[in-house]
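Summary of structural features
Listed below are the residues making up each chain.
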Amino acid sequence: MTAVTEAATATRTLTYAEAVREALAQAMTADERVFLLGEDIGTYGGAFGVTGDLVHSFGAERVRDTPISELGIVGAAVGAALAGMRPVVEIQFSDFTAQAMDQIANQAAKIHFMLGGAANVPLVLRAPGGSGTGAAAQHSQSLEAWFAHVPGLKVVMPSTPADAKALLLAAIDDPNPVVVLEHKLLYKERGPVPEAGTRARLGETAVRRTGEDLTIVATGVMVSRALEAADQLAGQGIQASVLDPRTLSPLDDGTIVNSVVTTGRALLVQEAPKTAGFMAEVAARIGESRAFGHLRAPIGRLCGLDVPIPYAPQLERAAVPQVADIVREAGELVRRW
Amino acid sequence: MMDLHKDAGAATEILRTMWTIRRFEEAVDDMFARGLMHGTMHLSIGQEAVPAGACHALAEGDYITSTHRGHGHCIARGARLDAMMAELLAKETGYCRGRGGSMHIADVATGNLGANGIVAGGVPIAAGAGLAIRLRGQDRVAVSFFGDGAVNEGAWHEGVNLAAIWDLPVVFVCENNQYGMSMSVGKAAKVERLAERAAAYGIPGSTVDGNDPQAVYDAVAEAVHRARAGLGPSLVEALTYRWKGHSKSDKNLYRTREEIEGWRERDPITRFERAVAGTLTDSEIAGCREQARDRVRAAIRTAHAAPDAEAATLTDAVYARSE
């Protein structure tokens, strides 16, 4: 299903962070309007080392270090986009988008529509989210539902190195604002990545694994956990499909619905807290669709607890779904119904 | 610097711009009071010298960002009156096809990056336009208009600071009309002059009579010159006054009739007409007034005749949607 795997080009093994960096370099090489803006992205190389040595190749004008000033950074990117540039902003932790929310939600997201289509804001906002690093409540959130709830933002959550590159390139090509939520725990994960600048289409759910007994829909770091769980479930004789929406808005719900029609069971897995989370939207789309009549079990949601992310490692692990949780919930869903 | 009073061409243009803003907003006020116009709006009657003087210092290709009280900036930058009026009347032919209304009119053709419903929202955007100018090696400037209320927003601080540290070609024009809705500027800031804030960013700041187009023009022209020369941004505070209420909900409970009358006596248009009496004849001055009236009337006629914005096309400009 993924455009990436169809690419007839050489692939190498890269980390997710290297894949993001390669996308940025290729986009800047191809289009002089593309430039980077963010805190400590120059000589320091980014808080998570994503921009690395890009400043040496492209210079400090295009790999632009900013003060700690998230609202100013995103606002400047909106203005630069309106004036003909293609800025790619890095917000150091996705939690800090709270500082910039006016420019994200009230400006970038609204301008094209509010002006009757007279202007575009080709802005990409990259930000790492997620827990698992002991950074506690203000550096560990999964805020995708905030952005997905705002008309005028496209929201992307890459879960593999290949997608980190292919989705980012597509986001940079897009004439409108795209929020790309990377995951800190994935930055060091390795996987095959095409050398060429292959794009993934925004709004296309990837089918990562196919099985007949249930459909697991997962986002971000939960995709790899769901795949690991699916392997264990296979040992118990349960065959799971694993679907990765990749783009939350616009959402390709058709692929999800088709899968649930086949399996009759859905387990929706996210790291973010359950209440009003993105998987509530996925559940509703399934419930509203022709899949409803094919359901053999209630739609299950396995989510983060409705708590701020805690510091202590044992508490942090308990706050978000782990592989064993997915195996247990999926097994119960299949055996009970 | 040009003496606007002595140059017949400049004097005519400034006077015609101020009258056009005045007549446009009077017409809007009237239609609104008669229930012929929907929504809300914020009038800048009494403040016309600021956009007229400031925009006279700009060239083609320069950018502006504007505010919720933005009709004047839009008109002074050369926007089409019929498309503005059509927008206010919720017509398909409006600048925003009826999606934006008074608070979101932009005119990309004249470098107007848009009015803004968020106080100080346009300030970092102007810094970003300045950054684009720099990265593209252009000889342009970006002027950010905002009110006295904006200077206490975090966005204002962040936008001005970014422009300052990068020496961006941006001019920050504070249209100090004395009130942020009902909060007087004296209660909202500890400094005597808002232009003093410039020192905190290491940029020049000046305070001028915002009811005198010449004073506004001089200060903004100097700031524009600096910006084009690569010397970075400036802050110009123009002292003026909003004659009308903040918006339709305003009962004027926070200020006195005497205060309003005092400022009306310093009407920027009357003052400018007196100042240019030696340069323009009475009939030339009357001509500016009549042209403004006629243009506004024509705009209203054209807008009224235009088709309404239609619900059938509501989602035309929506790009993030599930198929």
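Everything numeric here is computed off the predicted structure, so don't read it as measured data. (Residues numbered from 1 in each chain as written. Chains lettered and ligands numbered in written order. Predicted model: local features only at pLDDT ≥ 70, side-chain atom pairs only at ≥ 80, totals over all residues. Heavy atoms only, no water.)

Turning to the sheet that holds strand β4 (residues 86-90) of chain A, a few remarks are in order. All names here are of chain A. Strand order in this open sheet of 7 strands is β3-β2-β4-β5-β7-β6-β12, and the pairing throughout is mixed. A strand with exactly one partner marks an edge of an open sheet, and here the two such strands are β3 (63-65) and β12 (247-249). Adjacent strand axes in the sheet meet at a mean angle of 20° when their direction is disregarded. Of the pairings in the sheet, the one linking strand β5 (residues 124-129) to strand β7 (residues 178-183) comprises 6 bridges and is parallel in character. Its bridge partner lying in β7, V124 is registered against V178. Of the strands in this sheet, β2 (34-38), β4, β5, β6 (154-156), β7 and β12 are in contact with helix α7 (residues 161-173), which crosses β5 at around 150°. (Pairing = 2+ DSSP bridges. Helix = DSSP H or I, 4+ residues; strand = E, 2+ residues; numbered from the N terminus. Axes fitted to C-alpha atoms, helices over the stretch in contact; angles between N-to-C directions. Contact = heavy atoms within 4.5 Å.)

A few words on the nonpolar core. Counting 88 residues, the largest nonpolar core has A:L37, A:V74, A:V78, A:V89, A:V282, B:F146 and B:W156 as the members making the most contacts within it. No other element matches helix α3 (residues 70-82) of chain A, which puts 9 residues into this core. Of the residues that make up this core, three or more belong to each of domain 1 (9-194) and domain 2 (206-336) of chain A. Sequence-distant contacts of A:V282, defined by excluding residues within four places in its chain, comprise A:V217, A:L251, A:I256 and A:L268. One finds A:L54, A:M222, A:L267 and A:V269 within the second-largest nonpolar core, a separate group that totals 62 residues. (Core = buried A, V, L, I, M, F, W, Y, C linked by side-chain atoms within 4.5 Å. Buried < 20%, exposed > 50% of the residue type's maximum accessible area, 1.4 Å probe, protein only. Domains from an automatic or database assignment.)

Listed per partner, the contact involves 36 residues of chain B and 44 residues of chain A. Counting each side, the surface lost to burial between chain B and chain A is near 3,200 Å², with a carbon and sulfur contribution of 67%. Considering only the side of chain B, the residues that lose the most area to chain A are B:L135, B:E158 and B:Y319, jointly responsible for 21% of the buried surface there. Where chain B meets chain A, there are 1 salt bridge. Our count for the chain B to chain A interface comes out at 10 residue pairs in polar contact (both at pLDDT 80 or more). Looking at the side of chain B that touches chain A, the elements that each hand over two or more residues are α5 (122-135) and α6 (154-165) of chain B. Here the side of chain B that touches chain A gets 8 residues from one element, more than from any other, and that element is α5(B). Class assignment for the residues of the side of chain B that touches chain A results in 22 nonpolar, 8 polar and 6 charged. (Buried area = accessible area lost by both parts, 1.4 Å probe. Salt bridge = Lys/Arg side-chain N within 4 Å of Asp/Glu carboxyl O. Polar contact = N/O pair within 3.5 Å; in protein donor to acceptor, adjacent residues only side chain to side chain. Nonpolar A, V, L, I, M, F, W, Y, C, P; charged D, E, K, R; others polar.)

With that out of the way, let us pick up the pattern of salt bridges. For the structure on display, the rule yields 36 salt bridges over all chains. Bridged by salt links that share partners, the residues A:D163, A:R201, A:E204, A:R208, A:D244 and A:R246 form one connected network.

Before going further, it helps to examine α3(A). Residues and elements named next belong to chain A. An ideal rise of 1.5 Å per residue puts 18 Å on 13 residues; α3 measures up with 18 Å between its terminal C-alpha atoms. In terms of burial, α3 is largely enclosed, as 13 of its 13 residues are buried. Downstream of α3 by one or two residues, G84 has phi in the positive range, about 100°. (Expected span 1.5 Å × (residues − 1).)

A few words on the sheet that holds strand β2 (residues 142-147) of chain B. Residues and elements named next belong to chain B. One open sheet accounts for 5 strands, arranged β1-β2-β3-β7-β6; its pairing is parallel. At either margin of the open sheet sits one strand with a lone partner, and together these are β1 (63-65) and β6 (205-209). Averaged over all pairs of adjacent strands, the angle between their axes in this sheet comes to 20°, without regard to strand direction. Judged from the 3 bridges that link them, β1 and β2 form a sheet pairing that is parallel. Residue pairing in the sheet places T65 in a bridge with S144 of β2. In the packing of α5 onto the sheet, contacts are made with β1, β2 and β3 (170-176), and the angle to β2 comes to roughly 175°.

So, about the packing of helix α1 (residues 8-33) of chain B against helix α10 (residues 268-275) of chain B. All names here are of chain B. Closest axis-to-axis distance for the α1/α10 pair is 10 Å, and the angle between their directions is 160°. Accordingly, the angle class assigned to the pair α1 and α10 is roughly antiparallel. For the pair α1 and α10, the crossing hand works out as left-handed. Contact residues: A11, I14, L15, M18, W19 and R22 in α1; P268, I269, F272 and E273 in α10. The residue makeup of the contact of α1 with α10, split by class, is 8 nonpolar, no polar and 2 charged. (Parallel < 35°, antiparallel > 145°, perpendicular 65-115°, else oblique. Left-handed = near helix turned anticlockwise from the far one by under 90°.)

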